[in-house]
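Structural description and commentary
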Amino acid sequence: MPRYPPAVPPIEPPDPALTDGTVVLRPMAATDAADVMRACNDPEIQRFIPIPQPYERDDADAYLERCAQEWAEGTNATFTIRDATDDGFLGSIRLAPTAAGTAGYWVAPWARCRGAARRALRLVSDWGLGPLGMHLVLLEIRDDNLASQRVALDCGFHQVGALDAQDGERHVHGLLFSRTAPDPHEEAP
């Protein structure tokens, strides 16, 4: 019988905040509602994420309430991606804290092509695979979302499979990417 690593215990926001000096990740807050609503009305975000269309203020408020509740319960870590210089809103990234954690991210249209997703994914996956003790971080990416696939590959993830899912009325093809924790028994190069 295979042995699986235990689930990660409930998590709390990292202190200090996760940052690389260019972006900073902090828990989503009610004050992010206007930025979330504005970003989630972008056709590219709506193309890849099953969210209400149009995306209204009530949708953003409900999303942020759910994020706060999940942080309080320690069951999901959803961060806002912020510019470390001016605190401008860049997007969102989530990490579900299990032994095989799952992550997901989106970047606001005004923040694309600036490396925000790459920086945030590196920060959150390093946090999960390091201090949180996860053994694996998984990403599910639609097969037609080439930009997210490039982000995953640039951050050390490897494609490990394909997924087929139903998104409402349409059939969606996806790809599964993973990044594993370094083996503690291997010597660093």
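The coordinates are above.
Residues numbered from 1 in each chain as written. Predicted model: local features only at pLDDT ≥ 70, side-chain atom pairs only at ≥ 80, totals over all residues. Heavy atoms only, no water.

As for the pattern of salt bridges
Formally: The working definition used for a salt bridge is a side-chain nitrogen of Lys or Arg within 4 Å of a carboxyl oxygen of Asp or Glu. Secondary structure elements are defined from DSSP: runs of H or I of at least 4 residues count as helices, runs of E of at least 2 residues count as strands, and each element is numbered from the N terminus. A 1.4 Å probe rolled over the protein chains alone gives each residue an accessible area, and that area as a share of the maximum for its type sets the label: buried under 20%, exposed over 50%, partly exposed in between.
Applying the stated criterion to the full structure yields 13 salt bridges. One salt bridge in this structure joins Asp42 and Arg112, with 2.5 Å as the shortest N-O distance. Pair noted here: Asp42 is in the loop between helix 1 (33-40) and helix 2 (43-48) and Arg112 is in the loop between strand 5 (100-107) and helix 4 (116-129), with a separation of 70 residues, a long-range link. Residue Asp42 is classed as buried on the basis of its relative accessible area of 11%.

Some points on the nonpolar core
We count it as follows: By nonpolar core we mean a set of buried residues, namely Ala, Val, Leu, Ile, Met, Phe, Trp, Tyr and Cys, connected to one another through side-chain atoms within 4.5 Å. Whether two residues are in contact is decided by their heavy atoms: any pair within 4.5 Å suffices.
Leu25, Phe79, Ile93, Tyr105, Leu121, Trp127 and Leu139 are the most contacted members of the largest nonpolar core, which totals 34 residues. Counting only elements with at least two residues in this core, the list comes to strand 2 (23-27), strand 3 (77-83), strand 4 (89-96), strand 5, helix 4, strand 6 (136-142), helix 5 (146-154) and strand 8 (170-180). For this core, the leading source of residues is helix 4, giving eight residues. Every residue in contact with Trp127, bar those within four places of it in the chain, is listed here: Ile11, Glu12, Pro14, Leu18, Trp71, Ala77, Phe79, Leu95 and Leu132. Among the nonpolar cores identified, the runner-up in size contains 15 residues, and Ala33, Val36, Tyr55 and Ala60 belong to it.

Overview of the environment of Gly128
Relative to the elements of secondary structure, Gly128 occurs in helix 4. C-alpha of Gly128 to C-alpha of Thr102: the two residues are 26 residues apart in sequence and 9.7 Å apart in space. Setting aside residues no more than four positions away along its own chain, Gly128 makes contact with Leu95, Gly133 and Met134.

Description of the packing of helix 1 against helix 3 (residues 57-73)
Cut-off, in case you're wondering: A fitted line through C-alpha atoms represents every axis, and for helices the fit uses only the stretch in contact; the resulting angles, taken between N-to-C directions, go from 0 to 180 degrees. Orientation is classified from the angle alone, with under 35 degrees giving roughly parallel, over 145 giving roughly antiparallel, 65 to 115 giving roughly perpendicular, and any other angle giving oblique. We call a crossing left-handed when the near helix sits turned anticlockwise from the far one by less than a right angle, and right-handed when that turn is clockwise.
Two elements in contact, helix 1 and helix 3, have axes whose closest approach is 9 Å; the angle formed by their N-to-C orientations is 120 degrees. In terms of orientation, helix 1 and helix 3 fall into the oblique class. For the element pair helix 1 and helix 3, the recorded crossing hand is right-handed. Here Ala33, Ala34, Val36 and Met37 of helix 1 lie close against helix 3, whose contacting residues are Arg57, Ala60, Asp61, Tyr63 and Leu64.

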